[in-house]
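# Overview (structure and organization)
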Amino acid sequence: MALAPRRAFAAAVITLPLALVPHDRPAPWAWPLPTQRVERAFDAPRTEYGPGHRGVDLPGRPGELVRAVDAGTVTFAGQVGGVMTVTVEHGTERSTYQPVDPTVSVGDAVDRGAPLGTLLPRHPSCATTCLNLGRLRGSEYLDPAERLRSGGRFRLISPDGPPPEPPGWNGSGLVNLLGGPITSAFGMRVHPVTGERKLHDGVDIGAACGTPVPALAAGRVSRSEYRGAYGEQVEIVHDDGRATSYSHLSRRTARVGDEVAAGDIVGAVGTTGRSTGCHLHLMLLVDGNPVDPLTARG
Ligand SMILES: [Zn+2]
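To start, this report covers the structure provided alongside it. (Residues numbered from 1 in each chain as written. Predicted model: local features only at pLDDT ≥ 70, side-chain atom pairs only at ≥ 80, totals over all residues. Heavy atoms only, no water.)

Coordination of the zinc ion by the protein is provided by His200 (NE2), Asp204 (OD) and His281 (ND1), with metal-donor distances spanning 1.9 to 2.2 Å. Residue class for His200 comes out buried when judged on its relative accessible area of 5%. (Donors = N, O, S within 2.8 Å, 3.2 Å for Na, K, Ca; no water. Buried < 20%, exposed > 50% of the residue type's maximum accessible area, 1.4 Å probe, protein only.)

Inspection of the entire model under this criterion finds one disulfide. In this model, Cys209 is linked to Cys278 through a disulfide, with the two sulfur atoms separated by 1.9 Å. Between Cys209 and Cys278 the sulfur-sulfur dihedral comes to about -95 degrees; the bridge is accordingly left-handed. A residue pair is termed long-range when its members are at least 10 positions apart, and Cys209 in the loop between strand 14 (203-206) and strand 15 (212-214) and Cys278 in the loop between strand 21 (265-268) and strand 22 (279-286) qualify at 69 residues. When its relative accessible area of 34% is taken as the criterion, Cys278 is described as partly exposed. (Disulfide = S-S within 2.5 Å. Helix = DSSP H or I, 4+ residues; strand = E, 2+ residues; numbered from the N terminus.)

All right, on to the pattern of salt bridges then. Considering all chains together, one arrives at 11 salt bridges under this definition. Put simply, Arg135 and Glu146 hold a salt bridge, and the shortest N to O gap is 3.3 Å. Within this pair, whereas Arg135 is found in strand 9 (residues 130-137), its partner Glu146 is found in the loop between strand 10 (140-142) and helix 2 (171-178), the two being separated by 11 residues in sequence. A relative accessible area of 6% places Arg135 in the buried class. As a salt-bridge pair, Arg252 and Glu232 come within 2.6 Å of each other at their nearest N and O atoms. With Arg252 in strand 19 (residues 251-252) and Glu232 in strand 17 (residues 232-238), this residue pair connects regions lying 20 residues apart in the sequence. By relative accessible area, Arg252 is classed as partly exposed at 33%. Under the relative-accessibility criterion, Glu232 is labelled buried at 18%. Among the charged side chains, a salt-bridge network with shared partners connects Glu93, Arg135, Arg137, Glu146 and Arg147. (Salt bridge = Lys/Arg side-chain N within 4 Å of Asp/Glu carboxyl O.)

Position of Thr87 among the secondary structure elements: in strand 4 (residues 83-90). Judged by relative accessible area, Thr87 falls into the buried class, the value being 10%. Residues within four places of Thr87 in sequence aside, it is in contact with Thr73, Val74, Thr75, Phe76, Arg94, Ser95 and Thr96. (Contact = heavy atoms within 4.5 Å.)

Have a look at this one:
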């Protein structure tokens, strides 16, 4: 009887990293924003300075985390023609991100999916807030959509039309939002601080203190307070009645009653409450009971 939870715990630890590591070469680019959609397609300029659309525009929200499409080295972080820009070199190609308030510096090595900064409002080429993602080989502009994870397939949407349905959410989607490794799975464990054996009622995702925490799905904020061992916590009740909560935050930016959309920032990673270091304790509650967020169906 007592072994079953241990076995489940071990299985989760062994299978998770495999699901997160791509095996294909060259690996497709990861999407830099949670909304995995192209709003305006690439239109190659005929000459180096000629008209065209150098890159693709991805819809986003101001303050959203912008992530590296692949591992590489930051080669630029500053203004280009008055627009804040980050450039990452990946071997023979480079990716560019505009307009982004950078949290990285030139020379930084970044992993695929690592945060580069936050999305700034009002890119000159978008009707609404968007990220302009560029792809360069030498001085030649290439179509970034060819490298994005859908294999180049994408859907154009009208900025004036109704907003599209948010993507479904499930275990892996929950973890990918922060991009950090799972440092402790859901299940029975010996608590690192108290030494007692008890249920770990969420998953721990490692991330630097201050990393913005996005809501995993749309819903209404039902709790935003300091709550004992959980520290600073935000809880969201979703349309299907399930709830997610975000604990040990350094900062809460959502208030009780706020309506949030998937991807809205509700706080920042911290180590408040009973915690040994910066991480997010993510919980999924069904009928008020914690369940493993990584096995949830969207
Ligand atoms: Zn935890």
